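Geometric and topological summary
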Amino acid sequence: MRLVLLGTGGGPRPSSARHPSSQVVQVGARTIVVDCGNGVAQQMVRAGIDPRDITDVLLTHHHIDHSADLAVLPMISWVNGRTDPVVVAGPPPIVTSFGSLLDAHEEDLRRRVAATGRPDFRQMVRTRELAHGDTLESGDDVVITAAQVNHPPFDCALAYRIDSDEGSVVVSGDTTPCASLVELARGADVLVHEVVHPAAIEQYERGTNAATIGHHLRNNHTMVGDVAAVAQAAGVGTLVLSHLVPHTGVTDAEWLTAVGDGFDGRVLVGADLMELCISTPGSGDRRTVGVSARA
Ligand SMILES: [Zn+2]
């Protein structure tokens, strides 16, 4: 099982340091993308993954730094030759919002089909709304489980767990620390969790909408000092910090210091194109997680 962090920046503010939220898990014949910040197809190519290989696209919630390329990624896959079905799943109203995104691209879709004879893109994509406890299964040994987390102002934001015989990966999406995420992540090999550093509050408090942004970061996200308790309660093997706010100005050492020592497992500060390979253990041993980072 292979996990690649495609974008580790939190929030919609563009930067040269980190791309917006996205990660991809490859296991068996499945290429499962969780969140589609803008530029996700290019990041997949940089990671050595062909966007035509996508089988599942999962959205955690409808913030644009997670959803911008929700339709663009499967469309690029289709334009470049994919014809097999792709699942696009996430919280309501994903069916109607995805349909609206396709409506915006209708002129391209219609003329491209007419010009190239490609099958109808709308028939290729299977959209599905998910709620807490829902699972996606495709007849192989891979099971995707959704859990509702706490990310106001959304009625439903989801975290995902991807399980197979090769390992287990959980992606928190955006959330405050919450019991449902702990339960979802119980015993997982890898937990990718969003974090906000106090330095971000200080940065934003110099801005014009300081009070609103500061309140949002403190009350709708997870401060980095609180994430160790989540990972420890869930008993995960490796905690990966991602959706990092701020993108710059905090060193990896400072992120790790801010996590503290409340988690017995391994902690990694996520970076764009960091790759984690989960190895199947010998009998009775915990799986190992190899890490490599691209420049
Ligand atoms: Zn969000």
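Scope of this entry: the structure provided in the associated data block. Sequence order sets the numbering: in each chain, residues are counted from 1 along the sequence as written. The model is predicted, so local features are restricted to residues of pLDDT at least 70 and side-chain atom pairs to those at 80 or more, both for listing and for counting; the totals for chains, interfaces and linings are taken over all residues. Processing note: side-chain calculations cover all non-hydrogen atoms of the structure and skip hydrogens and water entirely.

With respect to the packing of helix α3 (residues 72-79) against helix α5 (residues 106-116)
Think of each axis as a best-fit line through the C-alpha atoms, taken over the contacting stretch in the case of a helix, with angles from 0 to 180 degrees between the N-to-C directions. Put simply, DSSP H or I for four residues or longer makes a helix, DSSP E for two residues or longer makes a strand, and each gets a number counted from the N terminus. One can describe the packing of α3 onto α5 by two numbers: an axis separation of 12 Å at closest approach and a directional angle of 10 degrees. Comparing the axis directions of α3 and α5 gives the class roughly parallel. Packed against α3, whose contacting residues are M75, W78 and V79, the element α5 presents D108, L109, R112 and V113 at the interface. Gly counts as polar in this scheme, as do all residues outside two lists: the nonpolar Ala, Val, Leu, Ile, Met, Phe, Trp, Tyr, Cys and Pro, and the charged Asp, Glu, Lys and Arg. Residue classes in the contact of α3 with α5 are distributed as 5 nonpolar, no polar and 2 charged. Angles below 35 degrees are treated as roughly parallel, those above 145 as roughly antiparallel, those between 65 and 115 as roughly perpendicular, and all remaining angles as oblique. Should any heavy atoms of two residues lie within 4.5 Å, those residues are counted as being in contact.

Structural notes on helix α10 (residues 227-234)
Of all the residues in α10, the buried ones are V227, A228, V230, A231 and A234. The buried residues of α10 occupy one face: seen down the axis, they fall within an arc of 160 degrees. Summarising the contacts, the buried residues of α10 are in contact with α7 (179-184), β11 (190-196), β12 (238-245) and α11 (252-259). G235, located one to two residues past α10, shows a positive phi value of around 70 degrees. A 1.4 Å probe rolled over the protein chains alone gives each residue an accessible area, and that area as a share of the maximum for its type sets the label: buried under 20%, exposed over 50%, partly exposed in between. This arc describes the spread of directions from the helix axis toward the C-beta atoms.

Observations regarding the coordination of the zinc ion
Note that water is not among the atoms considered, so a metal site may appear incomplete; the donors listed are N, O and S atoms within 2.8 Å of the metal, with 3.2 Å applied to Na, K and Ca. Protein ligation of the zinc ion involves H61 (NE2), H63 (ND1), H151 (NE2) and D174 (OD), the donor distances falling in the range 2.2 to 2.3 Å. For the zinc ion, the 4 donor atoms in the first shell make angles of 93 to 163 degrees at the metal, a pattern classed as irregular. Donor residues for the zinc ion sit on one chain with the sequence pattern H-x1-H-x87-H-x22-D. One end of the pair, H151, is in the loop between β8 (143-149) and β9 (157-164); the other, D174, is in the loop between β10 (167-171) and α7, and 23 residues separate them in sequence. Taken as a pair, H151 and D174 share a single burial class, namely buried. Tetrahedral means four donors with every angle between 85 and 135 degrees, whereas square planar (four donors) and octahedral (six donors) require angles over 155 degrees between opposite donors and between 65 and 115 for all others; sites fitting neither are termed irregular.

Thoughts on the sheet that holds strand β1 (residues 2-7)
One requirement defines pairing of two strands: DSSP has to find at least two bridges between them. If you walk across this open sheet you meet the 8 strands as β6-β5-β4-β3-β2-β1-β14-β15, and the pairing is mixed. At either end of the open sheet lies a strand with only one pairing partner, and these are β6 (125-129) and β15 (288-292). Looking at each pair of strands side by side, their axes are set apart by 20 degrees on average, direction ignored. Pairing of strand β5 (residues 86-90) with β6, which is carried by 5 bridges, proceeds in the parallel orientation.

Structural notes on the environment of A211
Mapping A211 onto the fold places it in helix α9 (residues 210-220). Residue A211 is classed as exposed on the basis of its relative accessible area, which comes to 67%. In this structure, the C-alpha to C-alpha distance between A211 and H62, residues 149 residues apart in sequence, is 23 Å.

Considerations on the environment of Q26
Mapped onto the elements of the fold, Q26 is located in strand β2 (residues 22-27). The sequence separation of Q26 and F98 amounts to 72 residues, and the corresponding C-alpha distance is 24 Å. For Q26, the contacting residues outside a window of four places in its chain are M1, R2, T31 and I49. Two N or O atoms count as a polar contact when they lie within 3.5 Å, although within protein this holds only if one can serve as hydrogen donor and the other as acceptor, and sequence-adjacent residues are included solely when both atoms are side-chain atoms. A polar atom in the side chain of Q26 sits 2.7 Å from the side chain of R2. Of note is the side chain of Q26, whose polar atom sits 3.2 Å from the side chain of T31.

Topic: the pattern of salt bridges
Close approach of charged atoms lets side chains of opposite charge pair. Any carboxyl oxygen of Asp or Glu that lies within 4 Å of a side-chain nitrogen of Lys or Arg is treated as forming a salt bridge with it. Under the defined criterion, the tally for this structure stands at 12 salt bridges. Where R110 meets E107, a salt bridge forms, and the shortest distance between an N and an O atom there is 3.0 Å. You can see R110 and its partner E107 sitting in helix α5, 3 residues apart, about one turn around the helix. R110 sits in the partly exposed class, given a relative accessible area of 44%. Here E107 falls in the partly exposed class, since its relative accessible area comes to 43%. Residue E107 is joined to R111 by a salt bridge in which the shortest nitrogen-to-oxygen separation is 2.4 Å. Placement of both E107 and R111 in helix α5 is noted, with a separation of 4 residues, approximately one turn of the helix. One salt-bridge network, held together by shared partners, links R30, D56 and D140.

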